[in-house]
Amino acid sequence: MRNRIAAVLAATAAAVTTLTAVTAPGVSASENAMTAVVTVFQTDHRLSTAVTYDTSLVPVGALARVAVTTSDRGTITELAVRGFVPDREYGAHLHARPCGATGADAGPHHQHVQDPEQPSTDPAYANPQNEIWLDFTTDAAGAASARSEVGWTFGERRPASLVIHERHTSTAEGEAGVAGERLACVNVSL
Ligand SMILES: [Cu+2]
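Below: a short report on this structure. (Residues numbered from 1 in each chain as written. Predicted model: local features only at pLDDT ≥ 70, side-chain atom pairs only at ≥ 80, totals over all residues.)

**Considering the environment of G177**
To be explicit about the condition: Labels follow the DSSP assignment, with helices taken as runs of H or I lasting at least four residues and strands as runs of E lasting at least two, numbered in each case from the N terminus. We call two residues in contact when the distance between their C-beta atoms, placed using the backbone, is within 7 Å.
Examined against the element boundaries, G177 turns out to sit in the loop between β8 (161-165) and β9 (182-187). Separated by 54 residues in the primary sequence, G177 and P123 have C-alpha atoms spaced 7.7 Å apart. Aside from chain neighbours lying at most four places away, what touches G177 is H109, S120, T121, A126, E131 and T169.

**Looking at the nonpolar core**
For clarity, the threshold we go by: Buried Ala, Val, Leu, Ile, Met, Phe, Trp, Tyr and Cys residues whose C-beta atoms connect them within 7 Å together make up a nonpolar core. Think of it as a crowd count around each C-beta: if 20 or more other C-beta atoms lie within 10 Å the residue is buried, if 12 or fewer it is exposed, and in between it is partly exposed, with C-beta placed from the backbone throughout.
Among the nonpolar cores identified, the biggest contains 35 residues, and V66, L79, V81, A92, L162, A184 and V186 are the most heavily contacted of them. Where this core is concerned, the elements lending two or more residues are β2 (50-52), β3 (63-71), β4 (74-82), β5 (89-95), β8 and β9. Among the elements that take part in this core, β3 stands out by supplying five residues, more than any other. If we ignore the near neighbours within four places in the chain, the residues touching L79 are A64, V66, A92, L134, F136, S145, A146 and L162.

**A short note on the pairing of β8**
Our working rule: Between any two strands, at least two bridges found by DSSP are needed for them to pair.
Burial analysis of β8 places five of its five residues in the buried class, which makes it a mostly covered element. Alternating positions in β8 separate into two faces, S161, V163 and H165 on one and L162 and I164 on the other, with burial throughout. Note that β5 and β8 share five bridges and pair antiparallel. What sits directly across from H93, in β8, is V163. Judged from the five bridges that link them, β8 and β9 form a sheet pairing that is antiparallel.

**Considering the environment of E89**
Residue position: E89 is located in strand β5. Linking E89 and H165, residues 76 residues apart in sequence, is a C-alpha distance of 9.2 Å. When near neighbours in sequence (up to four residues on either side) are disregarded, E89 contacts T137, R167 and H168.

**Digging into the pairing of β3**
Within β3, seven of the nine residues are buried, leaving the element largely enclosed by the surrounding structure. Note: strand β1 (residues 33-42) against β3, eight bridges, orientation antiparallel. Residue A36 lies in a different strand from β3, and its bridge partner there is A67. Inspection of the sheet shows β3 paired to β4 by nine bridges, in the antiparallel sense. From the neighbouring strand, L63 faces β4, where its bridge partner is R82. From the end of β3 to the start of β4, which pair antiparallel, there are two residues.

If you want it as structure tokens, here you go:
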């Protein structure tokens, strides 16, 4: 078991290096602020920065890395996961409130321009340019990565978590931003 964890962590470290290399060219360090968390899913939200609410779809011991880089050009958010169900679609977004005992605790999606009507399902607000969406499809080994790029940075309101959902996010009128059950949550401090 220990060897397996070490192997998974090594794989994550390799992914981290790759992501950093992708982000870095042409961007000077001084104009960048980067926040990253690598964390292991547990069933008790008080014991880890990552909690799973559905251990069949997000197993205990699965890993997530969330990295957020801001510059005067906007915000790049990158997600990498390991140990998920192979060849499966998941949805993911940044949410307004921290993870809690249930998926509902994370509150609504972080929106740059807030929809006056909540919960927001209007595609004018619930879209991947006004929110941070990180939908992914795992490979045969249960790993995946996703990247979001938006032309704005966080102001007074900052996202507090990343929520992983049961399916890819809808863009249809009246159900935009909907991605099914909340399977797991990662706290981010931005
Ligand atoms: Cu969400």
